Amino acid sequence: MSVPPVVAIDNGGGNCKIGMAGQPSPTRVFPNASAKPKGERQTLIADLLADTKEVSQLQLKRPFDRGYLCNLELQREIWSRAVRTILRRTPGECGLLLTEPLFNFNEIRAGTQQVVFEEMGFRSFYAAPAPLFSMHAAAGLLGGSLPAARTGAGVVIDAGFSFTHVVTFFKGQVLESGVRRINLGGKAMTNYLKELVSYRSLNMMDETYLMDMVKEQLCFVSQDVKADLRMAQNAARSPHRREFVLPDGVHNLRGYLRDPMEWAQKVESIKQAVRAAESMEEKKRLAAQLEADQVLVLNNERFMVPELLFHPDDIGLHQAGVAEAVVQAVTGTHPALAPLLYGNVILTGGVASCPGFKDRFTRELRAMVPDDHQLNVFQPQDPALFAWEGMSMFGSSHLYNKVAVTKAQYEESGSWAAHRQYS
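The text that follows walks through the structure, step by step, so that each part is easy to find. A quick note: this is a predicted structure, and the numbers were derived from the prediction, not measured.

Reading guide: rules and limits
Residues numbered from 1 in each chain as written. Predicted model: local features only at pLDDT ≥ 70, side-chain atom pairs only at ≥ 80, totals over all residues. Heavy atoms only, no water. Helix = DSSP H or I, 4+ residues; strand = E, 2+ residues; numbered from the N terminus. Rg over C-alpha atoms; globule rule 2.2 N^0.38 Å. Buried < 20%, exposed > 50% of the residue type's maximum accessible area, 1.4 Å probe, protein only. Contact = heavy atoms within 4.5 Å. Areas by Shrake-Rupley, 256 points an atom, 1.4 Å probe, with all protein chains shown as cover. Core = buried A, V, L, I, M, F, W, Y, C linked by side-chain atoms within 4.5 Å. Pairing = 2+ DSSP bridges. Axes fitted to C-alpha atoms, helices over the stretch in contact; angles between N-to-C directions. 1 Å grid on protein atoms, 1.4 Å probe; cavity = no way out; pocket = protein on both sides within 12 Å on 5 of 7 lines; lining within 4 Å. Points joined across faces, edges and corners; volume = space filled by probe spheres on them. Nonpolar A, V, L, I, M, F, W, Y, C, P; charged D, E, K, R; others polar. Parallel < 35°, antiparallel > 145°, perpendicular 65-115°, else oblique. Left-handed = near helix turned anticlockwise from the far one by under 90°. Polar contact = N/O pair within 3.5 Å; in protein donor to acceptor, adjacent residues only side chain to side chain.

What follows covers the overall build of the protein chain. Scanning the protein chain for helices and strands turns up 17 helices and 19 strands. Against the 2.2 N^0.38 benchmark of 22 Å for 423 residues, the protein chain shows a C-alpha radius of gyration of 24 Å, consistent with a compact globule. With the principal axes as the frame, the protein chain shows a C-alpha extent of 85 × 55 × 35 Å. In the protein chain, which comprises 423 residues, the share counted as buried stands at 51%. For the protein chain, restricting intrachain contacts to residue pairs at least 6 apart in sequence, the fraction spanning at least 24 positions comes to 66%. When the accessible area of the protein chain is evaluated, it comes to approximately 20300 Å², of which 49% is carbon and sulfur surface.

Looking at the secondary structure, you find Thr52 in the loop between α1 (47–50) and β6 (58–61). Look at Thr52 and you get buried, because its relative accessible area is 13%. Setting aside residues no more than four positions away along its own chain, Thr52 makes contact with Leu44, Leu58 and Arg254.

Of all hydrophobic cores here, the largest spans 57 residues; its most connected members are Ile157, Leu309, Val326, Tyr342, Phe361 and Leu365. Among the elements that line this core, the one with the most residues is helix α12 (residues 322–331), at seven residues. Ignoring anything within four residues of it in the chain, the contact list for Tyr342 reads Val326, Val327, Val330, Leu365, Val369, Pro370, His373, Gln374, Leu375 and Asn376. Counting residues in each nonpolar core, the second largest holds 32 residues, with Met20, Leu87, Phe117 and Phe125 among its members.

In this section: the sheet that holds strand β19 (residues 405–406). Within the open sheet, the six strands sit side by side as β3-β2-β1-β9-β10-β19. Their pairing is mixed. Lying at the two open borders of the sheet, with one neighbouring strand each, are β3 (28–31) and β19. The sheet strands contacting helix α3 (residues 106–119) are β9 (95–99), β10 (124–128) and β19, and the helix crosses β10 at an angle near 150°.

Excluding glycine, most residues fall at negative phi; most peptide bonds, likewise, are trans. Positive phi outside glycine occurs at Arg66, with the angle close to 55°. Among the structural elements, Arg66 can be located in the loop between β7 (64–65) and β8 (68–69). Not every positive phi belongs to a glycine, and Arg88 is a case in point at roughly 55°. Within the secondary structure, Arg88 sits in the loop between α2 (72–86) and β9.

This paragraph deals with the environment of Gly349. By the secondary structure assignment, Gly349 is in the loop between β17 (345–348) and α14 (357–366). It is 25 Å that separates the C-alpha atoms of Gly349 and Gly95, two residues lying 254 residues apart in sequence. With residues up to four places along the chain from it excluded, the contact list for Gly349 reads Asp158, Ala159, Pro383 and Ala384.

The calculated volume of the second largest pocket comes to roughly 390 Å³. In terms of lining, the second largest pocket is formed by 21 residues, of which the most central are Arg62, Phe161, Lys187, Ala188 and Asn191. Looking at the lining of the second largest pocket, the elements with two or more residues in it are β6, β7, α6 (186–200) and α7 (208–218). In terms of residues, the lining of the second largest pocket owes the most to one element, α6, which gives five residues. Looking at side-chain class alone, the lining of the second largest pocket contains six nonpolar, eight polar and seven charged residues.

This brings us to the packing of α12 against α14. Taken N-terminus to C-terminus, the directions of α12 and α14 make an angle of 50°; their axes are 8 Å apart at the nearest point. Taken as axis vectors, α12 and α14 run oblique relative to one another. The handedness of the crossing between α12 and α14 comes out as right-handed. The segment α12 lies against α14, with Val322, Ala323, Val326 and Val327 engaging Phe361, Glu364 and Leu365. Of the residues belonging to the contact of α12 with α14, the class tally is six nonpolar, no polar and one charged.

This brings us to the side chain of Ser392. Looking at the secondary structure, you find Ser392 in helix α15 (residues 386–395). Overall, Ser392 belongs to the buried group, its relative accessible area being 3%. In this structure the side chain of Ser392 is engaged in a polar contact, spanning 2.8 Å, whose partner is the backbone nitrogen of Gly22. In this view, Ser392 contacts Met20, Ala21, Gly22 and Gln23; residues no more than four positions away in its chain are not counted.

Taken together, the three strands give an open sheet; going across it, the order is β15-β14-β16, and neighbouring strands pair in antiparallel fashion. Two strands close off the open sheet at either side, each with one partner strand: β15 (256–257) and β16 (295–298). The pairing of strand β14 (residues 242–245) with β16 spans four bridges and is antiparallel. The residue bridging Phe244 from the neighbouring strand is Leu296, located in β16. In this fold α7 packs onto β14, β15 and β16, with an angle of close to 145° to the strand it touches most, β14.

Read these as geometric descriptors, not functional statements.
Given below as structure tokens:
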């Protein structure tokens, strides 16, 4: 009897990554949301939202709220389009491997299983937290070089959309006493960036989707915050100053980062044309080109927004920074495990992709770890996709069939599997 193919969905609060188990990379990554352009009736979901040409004034609606799946109806629509249109698969012919939040509520698990089996008709189903699959991927990738990875021991930092989780593992199992959560993620950072630029420059409070794009293009983690702040004091001469040209809804639909050299050459060219123009009307027409674009200027915002993850108290959140949270998590486990755990620290999640994150994190954590403990920090080539890569390996192995719930089992026993622990 042939084994049915398995659809792997890393179902994040911000983005969905979907593909078939066994693939080296996901088929598609798209926002886990629906959006309605202002003043229009058409609703965009999944790949339609990712491919939209105009990104200004989109009214977003997400199935996740505060890190948990709350709108199953919208999530079903997104999954259905992704499976049938993007993968061109029929759910009744496939199994489903899904990520879920740590310590997910049984009511949400039961509702998810109802959607998966009763409404979509998948043949089998298994869900587990993304860090579990990241550890699985790390064991396959690093097992030959790190003793900790071979034993399934380590710490996974999952810096995601809603939260940042620090999760300890031993023998591939989550150590619940060694789990810590920082109530900060990509969503909070985007909201903070919106507030900063709205107060200092232009009102961008209704431009969540656009500002998320700006954040991903321009933000970085500072290695020396005080020095960077001093350099940014003179905004006109700051090396951190960047200008983002906002969409105008006509010629420029997605916005773009203005190249300083090209813009300086264009300004000089226009000034020469103005001086050479004979009529006043022609001078005014040429000069108007310098003010035609609406420009968002970012300076110290570029590094002060990611700084939240290292100092949450900057916005009044009385929690440890990400490096200190790792120490707290390891301290919460058996003392004998500390050398193994520090020997395999893995950075995953979209926020971990921010330039400079690994260097700053490693430096801060090294100062807190005992000198006689070796510290190995691993950052995948694309931290945002690492959990999905682990899912692909897991779903294409014998492990999936060992732990998955079949549709026949669900129909016989209902949502009993909602109460099972991760295997």
